[in-house]
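Analysis of the macromolecular model
This is what each chain is made of:
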Amino acid sequence: SVAALVFTSQGLYTENYYGLNDAYIYIFLATNLAFAVSLYCLTLFYLSSSDFLHSYNVVSKFLCIKLVVFFCFWQQVLLLFLTNIQVIRPQKGLSAEEKALQINNFLIC
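These lines cover the structure that appears in this document, whether it is placed above or below.

Thresholds applied
Residues numbered from 1 in each chain as written. Predicted model: local features only at pLDDT ≥ 70, side-chain atom pairs only at ≥ 80, totals over all residues. Heavy atoms only, no water. Helix = DSSP H or I, 4+ residues; strand = E, 2+ residues; numbered from the N terminus. Expected span 1.5 Å × (residues − 1). Buried < 20%, exposed > 50% of the residue type's maximum accessible area, 1.4 Å probe, protein only. Arc of directions from axis to C-beta. Contact = heavy atoms within 4.5 Å. Polar contact = N/O pair within 3.5 Å; in protein donor to acceptor, adjacent residues only side chain to side chain.

1. Regarding helix 4 (residues 96-108)
- Over its 13 residues, helix 4 extends 18 Å from the first C-alpha to the last, a length consistent with the 18 Å expected when each residue adds 1.5 Å.
- Within the span of helix 4, buried status applies to Ala96, Ala100 and Asn104. On an axial view of helix 4, the arc spanned by its buried residues comes to 80 degrees, and they lie on one face.
- Residues of helix 4 that are buried make contact with helix 3 (58-84).

Structure, rendered in structure tokens:
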């Protein structure tokens, strides 16, 4: 978020633009890498404490929370992609990106 704010103030960040000369793609990739590393670390934590946590059935709870976060993230990416290929179009004073974010917020709630 801080990187996006700094790059936006410098004119180097455009939401939903995947060009190599824009910071969005690099922040997008860094976010995915951070997500993968966090899943790996949580898996290591579970494996090291599985005997203690076995009685709490944490695997199903862990997977449930992670899948919600995972699908919310990729849902937003999909909606912005649909905006990019003009499946979602501007309407009633809203840009296509604003409309996609409103759809995303509605689906999350």
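Back to the write-up after that little detour.
2. Quick notes on the side chain of Asn104
- Of note, Asn104 is situated in helix 4.
- Polar contacts involving the side chain of Asn104 include one to the side chain of Gln75, which spans 2.6 Å.
- Setting aside chain neighbours within four positions, we find Asn104 in contact with Cys72, Gln75, Gln76 and Leu79.

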